[in-house]
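Single-letter residue listing:
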Amino acid sequence: MDSKKLELTQSYSLLDRARDLIPGVAQTFSKGPTQIVQGVSPLYLERGQGSHVWDVDGNEFIDYPTSLGPIVLGHNDPDVSKAVIEQISKGTVFSLSSPIELDVAETLIDAIPCADMVRYGKNGSDVTSAAVRVSRAFTGRDIVALSGYHGWQDWYIGTTTRNAGVPAAVSDLSKKYVYGDTASLEKLFAEYPDQIACVIMEPVGVVEPAEGYLQATKDLCKKNGALLIFDEVLTGFRIAYGGAQERYGVVPDLACYAKALANGYPLSVIGGRRDVMELFDEIFFSFTFGGDAISLAASQATLAKMQSEPVFEHLWRQGQKLQDGYNSLARENGVGDFTSCIGLAPRTVATFSDPESGHDSPALRSLIQQELVRRGVLFLFGFNISYSVSDADVDHTLEALRAAMGVVASAIDSGDVESWVDGKIVKPVFRQA
Ligand SMILES: Cc1ncc(COP(=O)(O)O)c(C=O)c1O
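Small disclaimer: the values here were computed from a predicted structure and weren't measured.

1. Some thoughts on the overall build of the protein
Regarding its fold elements, the protein presents 14 helices and 14 strands. Relative to the 2.2 N^0.38 estimate, which gives 22 Å for 433 residues, the radius of gyration of the protein is 22 Å and therefore close to what a compact globule would have. Seen through its C-alpha atoms, the protein measures out along the principal axes to roughly 60 × 55 × 45 Å. Per-residue burial for the protein yields a buried fraction of 53% across its 433 residues. The long-range fraction of contacts in the protein, counting pairs at least 24 apart against all pairs at least 6 apart in sequence, stands at 74%. Summed over its atoms, the accessible surface of the protein is roughly 19200 Å², and 51% of this surface lies on carbon and sulfur atoms. Computed over 37 positive and 55 negative side-chain charges, the separation of the two mean positions in the protein equals 3 Å.

Now the structure itself:
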């Protein structure tokens with residue numbers, strides 16, 4: 001498959017304009033200019049339909065970032081769009097609650113194993129932060145134990161390298177442990193006896209949890225009087241309808257869902273044990289757009305489709321074909337030690353490393369992105385599968401990968417991968433330790 005240098009004039013003139021108007025250029029770090037090979041990949045998308053998107057210069061791509069996860073059915077899904085348009089014609093957000101809040105709550109309580117009750121937010125960060133606050137209120141304790149990524153709020157981001165502006169007094173209350181290592185959590189409980197309000201974790205990251213690991217974490221929380229929170233912002237309505245709780249059969253005290261919940265409309269939800277959730281009567285979790293009818297209508301249509309059609313079978317099947325194809329093409333081209341595709345099939349992640357140093361290789365990341373984008377595949381280092389990804393999309397992507405891996409192999413052989421990249425090398429969002 002031939003590679004085609006893209007016409008990107010509009011994208012880059014928008015970038016110039018944005019530099020004056022919008023600090024950081026993008027609204028989400030992972031959609032910003034540091035994540036794309038500048039000069040090679042587009043920066044602005046204008047339209048999406050199904051599994052495809054079009055940039056502002058008219059270039060068409062198969063969309064695997066899927067807006068960082070929300071587009072689980074496909075862009076402009078006809079059922080979701082119909083529900084949204086019907087709701088818009090009645091109104092968007094009202095001065096009092098709307099009945100659709102209850103309809104969607106009933107569906108979500110059926111879907112989410114731990115949920116006796118639910119409250120809505122707009123972003124994942126809203127509900128992870130609500131979960132932490134309600135846990136602190138419930139237990140009367142301050143410390144939070146965490147092991148994943150949980151959003152932009154102080155209590156979490158203060159533990160990362162992007163902690164500017166977060167008071168030490170706040171970040172000192174958040175303690176990290178190592179996912180998969182029960183002893184590291186035990187150590188925290190021993191170090192801070194009767195002080196840990198909750199353990200918040202992504203129940204599965206890129207690798208499946210070891211047998212019994214999630215249950216052991218739950219038992220530890222119970223023994224130490226802390227609440228267990230599953231952050232299912234990524235896994236919910238993606239790896240299974242009910243997320244990781246459904247897949248692994250371990251039910252936490254509270255859980256947070258967002259991204260795929262409404263096929264691209266901004267909605268998140270916290271659900272959990274009734275005695276904990278009832279505290280929301282008291283604690284302040286309240287905002288103007290909470291419960292807007294548009295996102296709820298989108299969610300209602302999304303959840304209905306997930307229940308009536310084989311959405312998850314499709315995500316696993318197409319994702320597995322791409323993951324297997326990626327790894328065998330990497331091996332065939334002799335670069336299997338440099339790059340691989342890991343994770344659960346509906347959402348896989350590509351790794352790039354220099355086998356000698358073991359460090360991540362931004363140059364290799366950039367080169368693969370370049371070679372794929374020039375063959376019609378939008379790639380931000382992994383594959384989020386949508387229900388619209390067709391067999392033809394998968395075949396096209398595998399052909400593009402075959403060609404890209406060949407270029408990667410030649411670049412590695414040359415000893416200077418960077419010189420094969422025609423634009424600015426991508427950078428990680430968080431500095432590496
Ligand atoms: C596991 C997890 N939790 C929380 C968040 C924060 O969600 P949001 O960016 O919608 O605030 C994210 C976002 O990527 C996430 O992946």
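2. A word on the site of the ligand
Residues in contact with the ligand, as listed here, are Asn-123, Gly-124, Ser-125, Tyr-149, His-150, Gly-151, Glu-202, Asp-231, Val-233, Leu-234 and Lys-259. In this structure, Gly-124 approaches the ligand through a main-chain N or O atom, which is 2.8 Å from an oxygen atom. Taken together, the residues that form the shell around the ligand break down as three nonpolar, five polar and three charged.

3. Regarding the pairing of strand E2 (residues 52-55)
Residues His-52 and Trp-54 point to one face of E2 and Val-53 and Asp-55 to the other, with burial holding for every one of them. The loop that links strand E1 (residues 45-49) with its antiparallel partner E2 comprises two residues; one of these, Gly-50, has a positive phi angle of about 60 degrees. Judged from the three bridges that link them, E2 and strand E3 (residues 60-63) form a sheet pairing that is antiparallel. Its bridge partner being in E3, His-52 is matched across the sheet by Ile-62.

4. Side note on the domain arrangement of the protein
Its domain assignment divides the protein into domain 1 (9-75 + 311-420) and domain 2 (93-291). Measuring from the centre of the C-alpha atoms in domain 1 to the corresponding centre in domain 2 gives 29 Å. Between domain 1 and domain 2, the residue contacts involve 20 residues of the former and 17 residues of the latter. Of the roughly 1600 Å² buried between domain 1 and domain 2, counting both surfaces, carbon and sulfur atoms make up 62%. Contact with domain 2 buries surface across domain 1, with Phe-312, Leu-344 and Arg-347 losing the most and accounting together for 37% of the total. At the boundary of domain 1 with domain 2, the tally comes to nine residue pairs in polar contact (both at pLDDT 80 or more). Taken together, the elements giving at least two residues each to the side of domain 1 that touches domain 2 come down to helix H12 (311-332), strand E11 (339-344) and strand E12 (347-352).

5. Things to note about the sheet that holds E2
Taken in spatial order, the four strands make up an open sheet running E1-E2-E3-E13, and their pairing is mixed. Of all strands in the sheet, those bounded by a partner on one side alone are E1 and strand E13 (377-378). Bridging between E1 and E2 involves four bridges; their strand directions are antiparallel. Note that in E2 the partner of Leu-45 across the bridge is Asp-55.

Here is what the cut-offs are and how they apply
- Residues numbered from 1 in each chain as written.
- Predicted model: local features only at pLDDT ≥ 70, side-chain atom pairs only at ≥ 80, totals over all residues.
- Heavy atoms only, no water.
- Helix = DSSP H or I, 4+ residues; strand = E, 2+ residues; numbered from the N terminus.
- Rg over C-alpha atoms; globule rule 2.2 N^0.38 Å.
- Buried < 20%, exposed > 50% of the residue type's maximum accessible area, 1.4 Å probe, protein only.
- Contact = heavy atoms within 4.5 Å.
- Areas by Shrake-Rupley, 256 points an atom, 1.4 Å probe, with all protein chains shown as cover.
- Lys, Arg positive; Asp, Glu negative; His and termini not counted.
- Charge placed at Lys NZ, Arg CZ, Asp CG, Glu CD.
- Near = heavy atom within 4 Å.
- Polar contact = N/O pair within 3.5 Å; in protein donor to acceptor, adjacent residues only side chain to side chain.
- Nonpolar A, V, L, I, M, F, W, Y, C, P; charged D, E, K, R; others polar.
- Pairing = 2+ DSSP bridges.
- Domains from an automatic or database assignment.
- Buried area = accessible area lost by both parts, 1.4 Å probe.

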